[in-house]
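So you can see what is in the structure, the chains are spelled out below.
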Amino acid sequence: MDIKVALVGNPNTGKSTLFNRLTGLNQKIGNFPGITVDKKTGYTKLGNGSEAEIIDLPGTYSLYPKSADESIVFQVLADKTNKAFPDVVVLIADASNLKRNLLLYSQVADLGIPMILALNMIDLSEKQGIDIDLNKLSQKLGVQVVSISARNNIGIDKLKQAIANTNKVATQLQDVDVNILAPEAINAIKSKLNSDNDYYALQVLHQHEYLKFFTEQEQEEIEQIEVSHQFESSKVQAAETIARYKHLNTLLAGVVTDNGIAKKYTFSDKLDSILTHKIWGFGIFLLILFVIFNAIFAWSSYPMDLIEGAFGAITELGHEYLPAGMLTDLLLDGVVAGLGGIFVFIPQIAILFAFISILEDTGYMARVTFMMDKVMSKVGLNGKSVVPMIGSLACAVPSIMAARNIENWKDRMITIMVTPLISCSARLPVYILIISLIIPAKTVLGVFSLQGLALMVMYLVGLVAAVLVAWVMKFIIKTKERAYFIMELPIYRMPRWKNVLFTMYEKSKTFVFEAGKVIIAISIILWVLASFGPGNRFEEIENKYQSALSDTTKNTAHIETLIATEKLENSYVGILGHWIEPAIRPLGYDWKIGIGLITSFAAREAFVGTMATIYSVDGGDEDTSTIRERMSASVNSRTGLPVYSFATGISLMLFYAFAMQCMSTVAIVYRETKGWKWPVIQLAYMTAMAYFAALIAYQLLK
């Protein structure tokens, strides 16, 4: 790679838009070396024919971090051994709010890395009557200044040429003499780190605990320097910020002219008076959510059916034309089935993120988080937690991915930890099946269906549980990071449809290639456990039914189903079902329900298919009428009572409402948290919550 370029800027300055404009589809997502935060990189051709690697750093208002993501900016810019350390920094600034944006520029410039200042949204600033003398600004800063509009593809070629022409030695002029703020401490750090940069030393004093490239001993030595020289971080930071803004006032004199063309009460202000109204704002938001929620279900059903049908056809053709044997079964029932479980989520992921992209592009999402933050913060959540929680009514997988938009680590983790408690569409077939067994098909007042009301209650149970768990976790999860909520409301704009399509593609690809690895592995394990058993049990079962199969007067298909049922019971999964039966018996379950609980880990809706096999039903997942008949007639061999009583049904639905029975969700939580710690905690607390809720319900109702 000829040159490495880092994009730095405030939130809502169009940094991500510029990144997408420069790199197109030539992007990849990894981790910053030694840091469990996503690193977005891409590649672009410059004006001189050379190639540049573009690194999109998290948005931040200054080098003083308020979140783990924001701390990445200084970590990367301070560590020359980091693989992401740039040759050039492009600082993207909002041309209509230059003074505020130049605070970050002045800090980065003082680190001594070659820089370019890109004034974005120049077309909007001109419409507002703001005139910027680019040449004068360039002379005062000592760097190239390029005016662009990333959204409208204006000035991108000029920016590429500026990057190609950048001097390898930093040319920017020093803004503020920070040495006078804490000279003794700064000089001690410079001596220790063998550095001649005052501002680098000052930032190390401020935030060395965030810098992963320092050893534990070095951290202790820096801490000793702070104590010995009585370094007070908050006071020095305040003094520095004041000094920088005073310098910027002088610097911008004669550079920026505001002709006052823009109206004081803009179109955005008029919309905000309605969309952020304390009453109408919430009503409009609920209406929008209703549209999104219905679209996710309605629009995704057809493509999901096509995907399921396609994988079903592949499996059927494979069994028909491939040679029978273990490898074919593994390929079709393990790998292909696992892939089907991955790809079937793509429509929901794509549709959800399309809506999120549209809401973000138009500027409405910022208003939603602003309205909801005050309400959500009382239970340990964030205004931005609303979208993931609502999206979980369709599927928790894309919703957990959507939690990336929450800057505060604690709020993001709580959101991820409670999102799976919201009842998703995978629980729906289980609820419908159990409700049909235990709730009579009657109406209240001739209008309200008892079964429909029961279904609504199950969804409300999940929502209430999520809020209560979030409130508890608010006191359990500890972090040094303070919970700030700073939101700049951007102006309203039309969505960029190309960006919407790109977001749909990128999120779907990320899910398939990242979470898919874990999902396929677990699918294969489940297939092995369900397809094999100890000793010669399977052979004995086949011998048992051999004569019946050869009798042409008998129903061969039904006998084959009985064989499959007995094999399942004697497989490792079946044995596990019998093994866990003593533990689940207090909940009102037998070993057959135990197998359903185990196989449901692949996908909750697998419970219906498992029951079809166990109860020797000749039909697929959707043949629920015969499943109901068999299950309704099922009798507990120990008690002689019906297995699916009212108490057992309520217990089972509560278990499915709270338990983490979805390997896709486990996989995506693993990916989003970059480790197994949080998925294991989530699996443990949700399983315990499910068990005790089901236990209490059964014991009270039996």
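Provided above is the structure to which this section pertains.
Quick caveat, the model's predicted, so the values are computed rather than measured.

Engineer: Quick one: what's the story with the overall build of the protein, residue by residue and with numbers?
Structural biologist: Assigned secondary structure in the protein consists of 31 helices and 11 strands. Looking at the 702 residues of the protein, the share that counts as buried comes to 52%. Within the protein, residue pairs in contact and separated by at least 24 positions form 72% of the contacts whose partners lie at least 6 positions apart. On the protein, roughly 32,600 Å² of surface is accessible, and the fraction owed to carbon and sulfur atoms is 60%.

Engineer: Outline the packing of aromatic side chains, listing residues and values.
Structural biologist: Counted by the stated rule, this structure contains 8 aromatic pairs. Ring geometry for W471 against F475: centres 5.3 Å apart, planes inclined by 80 degrees, an arrangement best described as edge-to-face. Of the two residues, W471 and F475 are both situated in helix α20 (residues 450-476); the distance of 4 residues between them amounts to about one turn of the helix. Considering the side-chain rings of Y589 and F655, the 6.4 Å spacing of their centres and the 85 degrees angle between planes classify their relative orientation as edge-to-face. With Y589 in the loop between α25 (572-584) and α26 (591-599) and F655 in helix α29 (residues 646-658), the pair connects residues that are 66 residues apart, well separated along the chain. The residue whose ring lies beneath R244 is Y199, and the NZ or CZ to ring-centre distance is 4.6 Å.

Engineer: Can you lay out the pattern of salt bridges for me, pointing to particular residues and giving the numbers?
Structural biologist: On inspection of all chains with the given rule, the structure shows 7 salt bridges. Close ionic contact of E232 with K235 constitutes a salt bridge, the shortest N to O distance being 3.4 Å. Judged by relative accessible area, E232 falls into the partly exposed class, the value being 42%. For the salt bridge of E672 with R671, the shortest nitrogen-to-oxygen distance reads 3.2 Å. We classify E672 as buried; its relative accessible area is 13%. Residue R671 is classed as buried on the basis of its relative accessible area of 10%.

Engineer: I'd like a rundown of unusual backbone geometry, residues and numbers included.
Structural biologist: Of note in this structure, N194 is not a glycine but carries a positive phi near 55 degrees. Along the chain, N194 falls in the loop between α7 (183-193) and α8 (198-207). Classification of N194 by relative accessible area gives exposed; the value is 74%.

Engineer: Pulling in residues and values, what's your account of the pairing of strand β6 (residues 115-120)?
Structural biologist: Of all 6 residues making up β6, 6 are buried, and the element is well covered by its neighbours. Here β6 shows two buried faces, one formed by M115, L117 and L119 and the other by I116, A118 and N120. Following the chain from strand β5 (residues 88-94) across helix α3 (residues 98-109) to the adjacent parallel β6, one finds a crossover that is right-handed. The pairing of β6 with strand β8 (residues 144-147) spans 4 bridges and is classified as parallel. Looking across to β8, one finds that I116 is bridged to Q144.

Engineer: How would you summarise the environment of F655 if you had to cite specific residues and measurements?
Structural biologist: For F655, a relative accessible area of 9% puts it in the buried group. Along the primary structure F655 and M689 are separated by 34 residues, whereas in three dimensions their C-alpha atoms are 8.2 Å apart.

Engineer: Just give me the short version of α29, but keep the residues and values in it.
Structural biologist: Here α29 spans 19 Å end to end across 13 residues, near enough to the 18 Å set by a 1.5 Å rise per residue. By the criterion of burial, α29 is predominantly enclosed, with 11 of the 13 residues buried. Buried within α29 are the following residues: A647, T648, G649, S651, L652, M653, L654, F655, Y656, A657 and F658.

Engineer: Talk me through the nonpolar core; I want residue IDs and the actual numbers.
Structural biologist: Counting residues in each nonpolar core, the largest one holds 87 residues, and the members touching the most others are V418, Y589 and L652. With 8 residues, α20 is the single largest residue contributor to this core. Dropping the residues within four chain positions of it, Y589 is found in contact with I584, L597, T648, S651, L652, F655 and A694. Counting 59 residues, the second largest nonpolar core, distinct from the first, contains I55, Y64, Y105 and M115.

Engineer: Go over the pairing of strand β1 (residues 3-9) with me, naming the residues and quoting the values.
Structural biologist: Most of β1 sits inside the fold, with 7 of its 7 residues counted as buried. The two faces of β1 match: I3, V5, L7 and G9 on one face and K4, A6 and V8 on the other face are all buried. Of the strand pairs in this sheet, β1 and strand β4 (residues 51-56) are connected by 5 bridges, and their pairing is parallel. Each residue of the ladder has a partner; that of V5, found in β4, is I54. Direction of pairing for β1 relative to β5: parallel, over a ladder of 5 bridges. Residue L7 lies in a different strand from β5, and its bridge partner there is V90.

Engineer: Before we move on, could you go through the environment of K83 and cite the residues and values that matter?
Structural biologist: In this fold, K83 is placed in the loop between α2 (68-78) and β5. Judged by relative accessible area, K83 falls into the exposed class, the value being 64%. A C-alpha to C-alpha distance of 9.7 Å links K83 and K4, two positions 79 residues apart in sequence.

Engineer: Mind laying out the packing of α20 against α29, listing which residues take part and the relevant values?
Structural biologist: Interhelical geometry of α20 versus α29 gives an angle of 45 degrees and a closest axis separation of 10 Å. With respect to their mutual orientation, α20 and α29 come out oblique. Crossing geometry of α20 relative to α29 is assigned as right-handed. Of α29, the residues touching α20 (which contributes M458, V461 and A465) are M653, L654, A657 and F658. Its residues assigned to classes, the contact of α20 with α29 comprises 7 nonpolar, no polar and no charged.

Engineer: Residue-level account of a nonpolar patch on the surface, with values.
Structural biologist: On the surface, V444, L450, L453, M456, L460, L463 and V467 cluster together to form a nonpolar patch covering roughly 510 Å² of accessible area. Per-element accounting of the nonpolar patch gives the leading share, 6 residues, to α20. Its location among the elements puts L450 in helix α20.

Engineer: Give a description of the packing of α7 against helix α9 (residues 216-228) that names residues and reports values.
Structural biologist: At a minimum axis separation of 10 Å, α7 and α9 run at an interaxial angle of 155 degrees. As far as their axial angle goes, α9 and α7 are roughly antiparallel. In this structure, α7 meets α9 at a crossing whose hand is right-handed. Residues A185, A188, I189 and K192 of α7 lie in contact with α9, whose contacting residues are E218, E221, I222 and I225. Taken together, the residues of the contact of α7 with α9 sort by class into 5 nonpolar, no polar and 3 charged.

Engineer: Tell me about the side chain of T13, and please be specific about residues and values.
Structural biologist: Relative to the assigned elements, T13 resides in the loop between β1 and α1 (15-23). In this structure the side chain of T13 is engaged in a polar contact, spanning 2.7 Å, whose partner is the backbone oxygen of N10. What T13 contacts, discounting residues up to four positions off in sequence, is I92, D94, N101, N120 and M121.

Criteria and thresholds
- Residues numbered from 1 in each chain as written.
- Predicted model: local features only at pLDDT ≥ 70, side-chain atom pairs only at ≥ 80, totals over all residues.
- Heavy atoms only, no water.
- Helix = DSSP H or I, 4+ residues; strand = E, 2+ residues; numbered from the N terminus.
- Buried < 20%, exposed > 50% of the residue type's maximum accessible area, 1.4 Å probe, protein only.
- Contact = heavy atoms within 4.5 Å.
- Areas by Shrake-Rupley, 256 points an atom, 1.4 Å probe, with all protein chains shown as cover.
- Phe/Tyr/Trp six-rings, centres within 6.5 Å; stacked < 30°, edge-to-face > 60°.
- Lys NZ or Arg CZ within 6 Å of the ring centre and 35° of its normal.
- Salt bridge = Lys/Arg side-chain N within 4 Å of Asp/Glu carboxyl O.
- Right-handed = clockwise from strand over helix to strand, strands pointing away.
- Pairing = 2+ DSSP bridges.
- Expected span 1.5 Å × (residues − 1).
- Core = buried A, V, L, I, M, F, W, Y, C linked by side-chain atoms within 4.5 Å.
- Axes fitted to C-alpha atoms, helices over the stretch in contact; angles between N-to-C directions.
- Parallel < 35°, antiparallel > 145°, perpendicular 65-115°, else oblique.
- Left-handed = near helix turned anticlockwise from the far one by under 90°.
- Nonpolar A, V, L, I, M, F, W, Y, C, P; charged D, E, K, R; others polar.
- Patch = residues over 30% accessible without salt bridge, like charges linked within 9 Å, V, L, I, M, F, W, Y side chains within 5 Å.
- Polar contact = N/O pair within 3.5 Å; in protein donor to acceptor, adjacent residues only side chain to side chain.

Function cannot be inferred from these measures alone, as they are strictly geometric.
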